[in-house]
Amino acid sequence: MGHGDVNALGLVTSLILVAVALAVSLGQQLRLERDLIWSVIRAFAQLIVMGFVLAWLLEPGRSTAYSWLWVAGMVAFAAWTVRSRAPEIPGLFSIAMVALTAATVVTMGVIFGLGVFPMEARAIVPLGGMMIGNSLGGTVVAARRVADELADKRAEVEARLALGQSSREAGKPYVRSAIKTALTPRIESTKAVGLVFLPGAMTGLILAGVNPIDAVLVQAAIMYLILGTVATTSVVIGIGSLRQLFTPDHRLRRLARRAS
Amino acid sequence: MGDLFAFDRVTLSFAGVTALDDVSAQLPQGRLSVVAGTSGSGKSSLLRLCNRLEIPSSGTVWFRGTSLSSMDPLLLRRRVGMVFQRPTVFPGTVRENLLAADGDLSEAVLGDMLATAELDREFLDRTGDDLSGGEAQRVCLARALACRPEVLLMDEPTASLHPAASLALEATVKALCRDHGVDVVWVTHDLAQIDRLAEHLLVLSRGRVVYNGAPGTPNAKPALDALTTGEGD
């Protein structure tokens with residue numbers, strides 16, 4: 001394993017902690033066994049497919065257009081995931097597509113425009129995945145929380161509307177809380193960088209023999225871009241969801257409460 | 001005297017339920033109108049049409065001779081205030097609640113608003129957690145009054161209050177109607193409350209009008225009797 005090679009035994013060994021989690025789930029009757037096993041199998045299958053795709057994309061002479069196509073696919077899948085987590089919000093897929101596409105274009109533009117990394121397949125796909133993957137968590141939380149808050153606090157929202165507040169004004173406290181919840185994990189992990197964990201890109205660069213200071217600078221640039229991307233997409237999704245949950249004449253649409 | 005609200009063949013349906021079915025009725029200006037009916041009769045839906053928290057599936061609602069659909073809903077809601085069944089005090093102090101209605105109110109006016117709702121000025125610094133049900137509902141009334149509305153829609157405002165607090169709130173709202181010229185539409189299913197308040201009576205059953213006119217007439221009695229038997233549920 002010394003140079004990043006993992007054999008079958010190493011892979012099986014890495015599952016020991018998953019086995020511990022399974023035992024805890026069984027012991028505490030958490031009923032998470034099925035989800036745990038499914039997530040392990042699914043992640044493995046996805047990573048294997050990803051590995052083959054990356055190998056194909058990285059073949060010498062392959063056009064980077066395929067890498068960009070792959071990134072576009074990731075954006076569409078992420079937008080679909082956001083929509084499926086908050087299906088009661090009309091038009092959420094389109095909003096998520098616009099937010100994630102804009103964020104990806106801007107961040108990738110900065111990374112490649114400023115020459116942080118060369119624009120080649122081995123940088124486009126993983127960096128695109130990093131930006132979109134990190135945004136996905138924030139956007140799902142933002143959309144879900146806006147829908148839940150407006151459903152749970154319907155009486156309060158309607159009392160605000162009855163005072164002549166616009167839907168934007170009436171929904172502001174709930175969107176603010178949703179966006180805060182969506183951004184808190186990213187802000188906390190940004191604060192803990194270097195103290196609690198060393199981020200993957202930096203670790204990879206150091207392992208590849210890059211000067212640690214250079215690796216730190218690259219990591220800092222990526223981290224700030226991720227923070228900016230998560231913040232921007234969460235805000236756009238939060239505000240966009242709010243707009244979709246009211247009618248143009250400032251009435252709150254009927255929202256189904258989700259079973260917890 | 002003209003109509004305060006007029007409902008012209010109004011139907012309201014949502015999620016496969018018809019809350020109001022071809023309702024035509026008028027509520028007069030200058031009087032305290034009571035809309036009565038059992039649970040599910042459509043009385044709250046009728047009230048929510050008056051400030052456009054709902055819009056009719058078909059038909060027209062008129063406010064002082066103007067179709068509601070042609071009015072700006074935000075301006076309409078400042079003219080037609082509403083107090084809901086459950087007291088909903090926003091997070092923060094009572095002062096912040098009143099300022100949510102109008103951010104430009106001075107301390108003196110805030111005090112006056114509380115006084116009109118018969119609350120002491122000291123309540124301004126209290127939060128919703130420090131209030132009894134009756135006090136919370138009075139804060140909601142003061143907050144609605146902070147928009148200086150011409151009309152107050154009261155959606156079973158005493159449903160969660162104890163009898164003494166209910167009577168006190170009724171007296172406050174009657175005084176608002178009598179002394180300050182605020183038109184009031186009060187929704188209830190409580191017969192004693194109808195007796196105490198109604199200057200005009202509209203009774204609904206299963207989304208239809210079963211009586212609309214003066215209270216205390218021989219024709220009003222059978223419509224009100226249905227409230228005690230629960231018919232229309």
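Residues numbered from 1 in each chain as written. Chains lettered and ligands numbered in written order. Predicted model: local features only at pLDDT ≥ 70, side-chain atom pairs only at ≥ 80, totals over all residues. Heavy atoms only, no water.

### Topic: the overall build of chain B
Put simply, the rule is: Only runs of H or I of at least four residues qualify as helices and only runs of E of at least two qualify as strands under DSSP, and these elements are numbered from the N terminus. Radius of gyration here is computed from C-alpha atoms only, and the compact-globule reference equals 2.2 Å multiplied by the residue count raised to the power 0.38. Here's how the labels work: a residue is buried when its accessible area is under 20% of the maximum for its type, exposed when over 50%, partly exposed in between, all with a 1.4 Å probe on protein chains only. By definition in these notes, contact holds between two residues if any of their heavy atoms fall within 4.5 Å. The Shrake-Rupley method, run with a 1.4 Å probe sphere, supplies the accessible areas, and residue values consider only the shown protein chains as cover.
The helix and strand tally for chain B stands at eight helices and 10 strands. By the compact-globule yardstick of 17 Å for 233 residues, chain B fits well, its C-alpha radius of gyration being 17 Å. When the 233 residues of chain B are sorted by exposure, 54% land in the buried category. A separation of at least 24 residues holds for 69% of the contacts in chain B among residues at least 6 apart in sequence. Here chain B displays about 9,800 Å² of accessible surface, and carbon together with sulfur accounts for 49% of that area.

### Quick look at the overall build of chain A
Worth spelling out the cut-off: Positive charges are assigned to Lys and Arg, negative charges to Asp and Glu, while His and the chain termini are left out of the count. Taken as the charge centre is NZ of Lys, CZ of Arg, CG of Asp or CD of Glu, depending on the residue.
What chain A contains, in helices and strands, is 10 helices and zero strands. Ordered by position in the sequence, the α and β elements of chain A form the string α-α-α-α-α-α-α-α-α-α. Overall, chain A is about 65 × 50 × 35 Å in size when its C-alpha atoms are taken along their principal axes. For chain A, with 260 residues in total, the buried portion stands at 38%. Taking contacts inside chain A between residues at least 6 apart in sequence as the whole, the part at least 24 apart equals 70%. A gap of 6 Å separates the mean positions of the 24 positive and 15 negative side-chain charges of chain A.

### Things to note about the packing of helix α4 (residues 65–85) of chain A against helix α5 (residues 92–113) of chain A
Packed helix pairs are characterised by how far apart their axes lie and by the angle those axes make with each other. Residues and elements named next belong to chain A. The test is simple: Here, axes are lines fitted to C-alpha atoms. For helices the fit covers the stretch in contact, and angles between N-to-C directions go from 0 to 180 degrees. In this scheme the crossing of two helices becomes right-handed for a clockwise turn of the near helix relative to the far one and left-handed for an anticlockwise turn of less than a right angle.
With their axes 8 Å apart at the nearest point, α4 and α5 run at an angle of 145° to one another. The interaxial crossing formed by α4 with α5 has right-handed handedness. Where α4 approaches α5, its residues Trp 68, Val 71, Val 75, Ala 76, Ala 78, Ala 79, Trp 80, Val 82 and Arg 83 are matched on the opposing element by Leu 92, Phe 93, Ala 96, Met 97, Leu 100, Thr 101, Thr 104, Met 108 and Phe 112.

### Side note on the domain arrangement of chain A
How large an interface is tends to be reported as the accessible area lost when its parts come together. Residues and elements named next belong to chain A. Short version of the rule: Bear in mind that the domain bounds are from an automatic or database domain assignment. Here the quantity called buried area is the accessible surface, traced with a 1.4 Å probe, that two parts lose on coming together, added over both. When a carboxyl oxygen of Asp or Glu lies within 4 Å of a side-chain nitrogen of Lys or Arg, that pair is called a salt bridge. Polar contact is defined as a pair of N or O atoms within 3.5 Å, subject to the rule that within protein one atom must be able to donate a hydrogen and the other to accept it, and that residues adjacent in sequence are counted only when both atoms are side-chain atoms. Each residue is assigned to one class: nonpolar for Ala, Val, Leu, Ile, Met, Phe, Trp, Tyr, Cys and Pro, charged for Asp, Glu, Lys and Arg, and polar for all the others, Gly among them.
Segmentation of chain A into domains returns domain 1 (1–57) and domain 2 (62–244). Spacing between the C-alpha centres of domain 1 and domain 2 amounts to 25 Å. Contact with domain 1, which involves six residues of that partner, is made by seven residues of domain 2. Between domain 1 and domain 2 lies a buried interface of about 650 Å² when both sides are counted; carbon and sulfur atoms form 76% of it. The largest share of the area that domain 1 buries against domain 2 comes from Met 50, Trp 56 and Leu 57, three residues that together contribute 75% of it. The interface formed by domain 1 and domain 2 includes zero salt bridges. Summed over the shared surface of domain 1 and domain 2, the number is one residue pair in polar contact (both at pLDDT 80 or more). For the side of domain 1 that touches domain 2, the residue count by class is five nonpolar, no polar and one charged.

### Points about the layout of surface pockets
Rules: Only protein atoms enter the 1 Å grid used here, on which a cavity is any set of points holding a 1.4 Å probe that cannot leave and a pocket is any open set flanked by protein within 12 Å on both sides along at least five of seven lines; residues with an atom within 4 Å of a point are listed as lining. Grid points are joined across faces, edges and corners, and a volume is the space filled by probe spheres set on the points.
Here the largest pocket defines a volume of roughly 560 Å³. If you go around the largest pocket, you meet 17 residues; those closest to its centre are A:Gln46, A:Met50, A:Trp70, A:Met74 and A:Phe77. Among the secondary structure elements, those contributing two or more residues to the lining of the largest pocket are α3 (33–57), α4 and α6 (121–152) of chain A. Residue classes in the lining of the largest pocket are distributed as 12 nonpolar, four polar and one charged. Built from parts of two domains, the lining of the largest pocket gets at least three residues from each of domain 1 (1–57) and domain 2 (62–244) of chain A. Approximately 480 Å³ is the volume found for the second largest pocket. Broken down by secondary-structure element, the contributors of at least two residues to the lining of the second largest pocket are α7 (154–161) of chain A together with β2 (17–28) and α1 (43–50) of chain B. A class-by-class count of the residues in the lining of the second largest pocket yields five nonpolar, eight polar and eight charged.

### Concerning the sheet that holds strand β8 (residues 183–188) of chain B
Residues and elements named next belong to chain B. For the record, the criterion: The pairing criterion is simple: DSSP has to find at least two bridges between the two strands.
Ordered by their spatial adjacency, six strands build an open sheet running β6-β7-β8-β3-β9-β10, and the pairing between neighbours is mixed. Edge strands, defined here as strands with exactly one partner in the open sheet, are β6 (80–83) and β10 (208–213). Here the average twist between neighbouring strands, direction ignored, is 15°. Across the sheet, helix α5 (residues 133–145) lies against β6 and β7 (151–155), angled at about 170° from β6, the strand it touches most.

### Some points on the packing of α5(A) against helix α10 (residues 212–245) of chain A
Residues and elements named next belong to chain A. Note the following rule: Roughly parallel covers angles under 35 degrees, roughly antiparallel covers those over 145, roughly perpendicular covers 65 to 115, and oblique covers all other angles.
At a minimum axis distance of 9 Å, the contact between α5 and α10 shows a crossing angle of 160°. Taken together, α5 and α10 sit at an angle that is classed as roughly antiparallel. The interaxial crossing formed by α5 with α10 has right-handed handedness. Of the residues in α10, those in contact with Leu 92, Ile 95, Ala 96, Ala 99, Leu 100, Ala 103, Thr 107, Val 110 and Ile 111 of α5 are Leu 225, Thr 229, Thr 233, Val 236, Ile 237, Gly 240, Ser 241 and Gln 244.

### Let's talk about empty space enclosed by the protein
In total, this model carries two cavities of 30 Å³ or more according to the counting rule given. In this structure, the largest cavity spans a volume of roughly 50 Å³. Taken together, A:Ala159, A:Ala162, A:Leu163, B:Met82, B:Phe84, B:Cys140, B:Arg143 and B:Ala144 form the lining of the largest cavity. Classifying every residue of the lining of the largest cavity gives seven nonpolar, no polar and one charged. Empty space within the second largest cavity amounts to approximately 30 Å³. In terms of lining, the second largest cavity is formed by B:Met82, B:Val83, B:Phe84, B:Arg86, B:Pro87, B:Thr88, B:Gln137, B:Cys140 and B:Arg143. If you list the elements that add at least two residues to the lining of the second largest cavity, you get β6 and α5 of chain B. Counting residues per element, the lining of the second largest cavity draws most heavily on α5(B), at three residues. Residues that form the lining of the second largest cavity fall into these classes: five nonpolar, two polar and two charged.

### A look at the nonpolar core
What counts here: Among the buried residues, those of types Ala, Val, Leu, Ile, Met, Phe, Trp, Tyr and Cys that are joined through side-chain atoms within 4.5 Å form a nonpolar core.
Counting residues in each nonpolar core, the largest one holds 134 residues, and the members touching the most others are A:Leu150, B:Phe5, B:Phe7 and B:Leu141. In terms of residue count, the dominant contributor to this core is α6(A) (12 residues). Non-local contacts of B:Phe5, meaning those with residues more than four positions away in its chain, are made with B:Ala25, B:Gln26, B:Leu27, B:Cys50, B:Trp62, B:Phe63, B:Val80, B:Val151, B:Leu153 and B:Val185.

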